[in-house]
Amino acid sequence: MKELQDLARRLLLEGRVDIVIGYQQGPRGVRPSFVTRPEQADALIFDERCVHNLVTYLSPRRAHLAAWPRRAVVVKGCDTRAVAVLLRESHIDREDIVLIGLRCGGVHRSAEASGPLTAESVAFRCADCSIREPELVDHLLGDPRPAPPGNSRLAERIGQLESMSHEQRREFWNNEFSRCIRCHACRQVCPMCYCERCIADKTRPRWIESSAHLRGNTAWNMIRAMHLAGRCVGCGECGRACPVGIPLGLLNRKLAMVVDEHFDYRATDDPEVPGPLGSFRSDDAEEFIV
Amino acid sequence: MQTRSIKTKELSALLDQLRAAGVEIIAPARAPGVGRAVVYRRVSGFSDIIMGVQPRGTLKEHFLPASERILGWRRGGAHLELLEASTDCAPRIVLGAFPCDAAALEVVDAVMGWDYRDEFWFNRRQATIVVSIACDGGDESCFCHAVGLSPGSTRGADLMFVPVDGGFQVEVTTGRGQAWLEEHQEYFSEAGDSTQAVAFQERATTRSSQRPRPHMESIGRWLKNNFQHDYWDQLALRCHGCGACTMVCPTCHCFDLVDEPEGPEGGSRRRNWDTCQAATFTLHASGHNPRPGQGARYRQRILHKFSIYPARFHELLCTGCGRCSRVCSSGMDMLELLGEIHDMASITEPTTSPEARNEP
């Protein structure tokens, strides 16, 4: 904790950054922290409740953060995959940001959790954790951590989805999407949803109906999922933000599996690996093209 | 008004009878689907109901749905036929409304009947008997005491249930509630010993009143004088502008109107929930946005609740339910920010000391 606070203080004192975005204790669990003065650095913490993907605050869509152009961000290994997408898609410049990497042994799915990580409490995103020690960072802090406990619920739910017929699967998602109230919280928290004008907001023509009926809800959730195929880093922030509890992380996870199967692409922290949509390969299987 | 009691078994039988008579029953119950959160929904009987848990969703969706058809049209050659949407509402009962949710209905009545009487809203209000359940005092995000309510507040409810062993003590609070009770009196018994119910309410009040109680009037004055303040941009730094707080708020009621074609021959005009937290809420056709950043948008939410609505309707647009704090994925906290504004107000208003907000 102290090395994190000391580093943040130093970065601000030396004028290297205008703001350090990390984690602090809030009234209800851990929450994002915005440290702009060296003396505020003592508030910074890092533990198993730091589930938030702070890379979303690097998105150029966040006009209210523009006053602090040089930002340092605290990242876990999995979060650096979101940085890699922003770099790959030319939405941020690496030299504009300072990445403070924390060694991580998994996080709870709730920022308000307490106690040790368990197979029940661990976040979906930790299920196949491959980057406990972030590489794409300027500073690496913390002690090496053991692997997070396996996530039993995710495998179970993916298994359930795969055992369903197409009709059953449609019924499952219709049931979930019917609760959608079209607040678009999933989009707002997503580090990959950086469009200044989202297709859901366009009115000439209106591509997606804004009404919370099944027609509009299906269109919205499917189009968002497709826009994230091959880009989603599986942080699960969409599902955590959803006020009606739609398992959006499950949808994206399944889609990532399909992308892996067809295009041999998995979310990575290497910005040089081309994304499946941004590359052409003559050996693409193309079996979905009739 | 009188006090009666009802046993769980009798309540269950009463609900069965109501359903048989075609009355819709809305109560806290688990939502279908993966999340299984408790929400207010239509239930088929007592066994579905989870009494005494504050639902994640609000009661408002049963009075102001997230999306609702309010007009239709059909085209026949050069002729355009307008189709009125029915504003009728079949008889309903809400059972187990939280006091903060029941009170919110009355708060929102003011704007729904202001310059135009909203038939959809008021027909549903008139068709619905609201039975609330006394709250056990809530959690650390609750602040009903600060906004003039309490865990046992009966505002907006026709009857209130207080949990006791084997059933509920029933307090009748309106004439409608009285008439409804008399209509179904065979299910109710005499009030009997009130010791348990009184103890429940006392415990709840103690829990609730121990929380900070920012001074709403001085906050209102500070808001009026500090439209331009660095606080807003600082406050909104962590805010994603997702609007989940407004969606789960029992008093947020802003909506958008859209016309949706449904094939070449017709379509529907719909009223959909909208949120002041979205940039598109105030985006002009010219491209100009009078609320360009999240600071301005968050300020709007706070001003509307604690300054604008009180100025127009003489009451706060907030019942202290705490859902906005609970739902926020980035940890924005209403009670915390009201405390901060209270403290800033206390600098210019010596009568409002920073300590005062912690006094019960």
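Turning our attention to the overall build of chain B. Within chain B one finds eleven helices and twelve strands. Radius of gyration (C-alpha) of chain B: 22 Å, near the 21 Å computed for a compact globule of 360 residues. Its C-alpha atoms give chain B principal-axis dimensions of about 70 × 65 × 40 Å. When contacts within chain B are restricted to residue pairs at least 6 apart in sequence, long-range pairs at least 24 apart make up 69% of them.

The next thing to look at is the domain arrangement of chain A. Residues and elements named next belong to chain A. When its domains are assigned, chain A resolves into domain 1 (2-141) and domain 2 (154-263). Here the C-alpha centroids of domain 1 and domain 2 sit 25 Å apart. Taken together, the contact between domain 1 and domain 2 spans 20 residues of the former and 18 residues of the latter. Regarding the contact of domain 1 and domain 2, the summed buried area is about 1700 Å², with carbon and sulfur atoms giving 53% of it.

Let us look at the sheet that holds strand β4 (residues 67-76) of chain B. Residues and elements named next belong to chain B. Strand order across the open sheet formed by four strands is β5-β4-β12-β11, with antiparallel pairing between neighbours. Single-partner strands in this sheet number two, and they are β5 (79-84) and β11 (255-261). Taken over all neighbouring pairs, the strand axes of this sheet differ in orientation by 20° on average, direction set aside. The pairing of β4 with β5 spans six bridges and is classified as antiparallel. Across the sheet, Gly72 pairs through a bridge with Leu83, a residue of β5.

To continue, consider unusual backbone geometry. Residues and elements named next belong to chain A. Cis geometry marks the peptide bond from Arg204 to Pro205; its omega dihedral reads 0°. Following the sequence through the fold, Pro205 ends up in the loop between α5 (185-189) and α6 (214-228). Unlike most non-glycine residues, His184 shows phi in positive territory, near 65°. Tracing the sequence through the fold places His184 in the loop between α4 (166-177) and α5. Residue Asp264 is not a glycine yet carries a positive backbone phi of 55°. Here Asp264 shows up in the segment after α8 (248-263). Judged by its relative accessible area of 49%, Asp264 falls in the partly exposed class.

With that settled, consider the packing of aromatic side chains. Evaluated as defined, the whole model comprises twelve aromatic pairs over all chains. The interplanar angle of 90° and the centroid separation of 4.9 Å between the aromatic rings of Phe34 of chain A and Tyr57 of chain A together place this pair among those described as edge-to-face. Residue Phe34 of chain A is found in strand β2 (residues 30-35), and its partner Tyr57 of chain A is found in the loop between β2 and β3 (71-75); the two are separated by 23 residues along the sequence. Tyr57 of chain A carries the same exposure label as Phe34 of chain A, and that label is buried. Positioned above the aromatic ring of Phe63 of chain B, the side-chain terminus of Arg92 of chain B is 4.9 Å from the ring centre. When the ring centre of Phe255 of chain B is taken as reference, the NZ or CZ atom of Arg271 of chain B above it lies at 4.7 Å.

Definitions and cut-offs
Residues numbered from 1 in each chain as written. Chains lettered and ligands numbered in written order. Predicted model: local features only at pLDDT ≥ 70, side-chain atom pairs only at ≥ 80, totals over all residues. Heavy atoms only, no water. Helix = DSSP H or I, 4+ residues; strand = E, 2+ residues; numbered from the N terminus. Rg over C-alpha atoms; globule rule 2.2 N^0.38 Å. Contact = heavy atoms within 4.5 Å. Domains from an automatic or database assignment. Buried area = accessible area lost by both parts, 1.4 Å probe. Pairing = 2+ DSSP bridges. Axes fitted to C-alpha atoms, helices over the stretch in contact; angles between N-to-C directions. Buried < 20%, exposed > 50% of the residue type's maximum accessible area, 1.4 Å probe, protein only. Phe/Tyr/Trp six-rings, centres within 6.5 Å; stacked < 30°, edge-to-face > 60°. Lys NZ or Arg CZ within 6 Å of the ring centre and 35° of its normal.

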